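# A structural walkthrough
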Amino acid sequence: DIVEKEVTPEEIQQQNDRESLLAVNQYAIQYFMDTLQSNEGKAIGLSYFAERGFREETIKRFQLGYAREDRTAFSRTATEKGYKAEYLVKTGLSMERDHQYFDRFHGRVIFPIHGLTGQVLGFAGRVMRSDEKTAKYLNSPESEVYHKSDILYGLYFARQSVLKNDKCYLVEGYTDVISMHQSGIDNVVASSGTSLTVNQIRLIKRFTHNVTILYDGDEAGIKASLRGIDLLLEEGLNVRVVLLPDGEDPDSFARKNNAETTLAFITAHEADFISFKTSLLRKDAETDPIRRAGLITEIVRTISVIPESIARSVYIRECSKLLDIDEKVLYTETARLRAGKLDQKIRQADVREYT
């Protein structure tokens, strides 16, 4: 039997608020796109996109825009059009101070952030002036419709290609995604400069279990992101890694090469994540026994999160060869870590049950 649930006034209000926020965002993106075609927009915004090598059809496809330097231009125009200041503030497009409304993204080029259905949920703005005190990129704050940890930039445009190719390329930034799409490689998404979250990974899992991460040559940046990427393995995804040539990132590499050349490079240089992590960290531990022990512990910790026992066995064998350590030791330590994690989950479940 289908039981009809009566909608509460609070739920009705929440739905109305959500629709109002989406309407404001839809107005905003059209405003920013139109502003990009103004004299100021062409001189600053379009010239920047041209410098990045973005073609006109690419700019239109990703709905890129520009926000004027005038700190009140958008807020003033939107309220004149009848959009309530309350919703301008809730989306984060406007900020209220002393009963005045100011534009969050003024003087920035605009990258709209789409949900899976194509609705604009939030925005990212890149500053156009050189100012060390100003953040290079600024994102919409959390709202009823925008939750940064639940969104992958470019997935709306990439989802069909990810399904078709049964593979997702993961990059870091907005321009990385756009340049690779423009070069003809569509199955690319970005974590938008944040550490990967479980919800983002589960979004990818809806379309494929195969992920290849594209890194530039910044070793410090790679090491900082390793722990978050262990989550991919924990969620049962097949993870491979490509290190781009020194001085290149996915944006610049895609602009210099066509899709065929880029894909050929990726295929030739893909490494499984465990081997990549081992070789990356081994450089710091060659002559130091304490560091070497720490490296082995770190690699085993990563292997221990993999849910499939066969995959764990394959990686343990590979790790044993790479680090010249007995497989039995690795199996024992992996089992100990998994048992500890299981105990922790049981304790957490017990706490939730009695609170």
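Refer to the structure above for everything that follows.
Anyway, here's the lowdown on the structure attached to this text. (Residues numbered from 1 in each chain as written. Predicted model: local features only at pLDDT ≥ 70, side-chain atom pairs only at ≥ 80, totals over all residues. Heavy atoms only, no water.)

### Describing helix H14 (residues 309–323)
Residue pairs three or four apart in sequence face the same way in an α-helix, which turns once every 3.6 residues. Put simply, the rule reads: Strands are runs of DSSP state E lasting at least two residues, helices are runs of H or I lasting at least four, and both sets are numbered from the N terminus onward. Expected span, for any helix, means 1.5 Å times one less than how many residues it has. Burial classes: relative accessible area under 20% of the type maximum marks a residue as buried, over 50% as exposed, and values in between as partly exposed (1.4 Å probe, protein chains only). To obtain the arc, one takes the directions from the helix axis to the C-beta atoms.
End to end, H14 covers 21 Å across 15 residues, agreeing with the expected 21 Å (1.5 Å per residue, within 8%). Those residues of H14 lying buried are Arg312, Tyr315, Ile316, Cys319, Ser320 and Leu323. Down the axis of H14, the sector holding all buried residues measures 145°, keeping them to one side. In this structure, H14 carries Ile310 and Lys321 as exposed residues pointing more than 90 degrees from its buried face.

### Points about the packing of helix H13 (residues 289–304) against H14
Rules: Between N-to-C directions, angles cover 0 to 180 degrees, with each direction set by a line fitted to C-alpha atoms, over the stretch in contact for helices. Note on terminology: angles under 35 degrees are roughly parallel, angles over 145 are roughly antiparallel, angles of 65 to 115 are roughly perpendicular, and the others are oblique. For any helix crossing, the convention is left-handed if the near helix is rotated counterclockwise from the far helix by under a right angle, and right-handed if that rotation is clockwise. Note on definitions: a residue-residue contact is assigned when non-hydrogen atoms from the two residues lie within 4.5 Å. Residues were grouped as follows: Ala, Val, Leu, Ile, Met, Phe, Trp, Tyr, Cys and Pro as nonpolar; Asp, Glu, Lys and Arg as charged; and all remaining residues, including Gly, as polar.
Running from N to C, H13 and H14 point in directions that differ by 165°, and their axes come no closer than 10 Å. Here H14 runs roughly antiparallel to H13, going by the angle between their axes. Every pair of crossing elements has a handedness; the one defined by H13 and H14 is right-handed. Residue-level inspection shows Arg292, Leu295, Ile296, Ile299, Ile303 and Ser304 of H13 in contact with H14, the latter providing Arg312, Tyr315, Ile316, Cys319 and Leu323. Within the contact of H13 with H14, the residues separate by chemical class into 8 nonpolar, 1 polar and 2 charged.

### Points about the pairing of strand S9 (residues 210–215)
Put simply, the rule reads: Criterion used throughout: strands pair if DSSP finds at least two bridges between them.
Most of S9 sits out of view: 5 of its 6 residues are buried. As judged from the 6 bridges shared by S9 and strand S10 (residues 238–243), these two strands associate in the parallel manner. Each bridged residue has a counterpart across the sheet, and for Val211 the counterpart in S10 is Val239.

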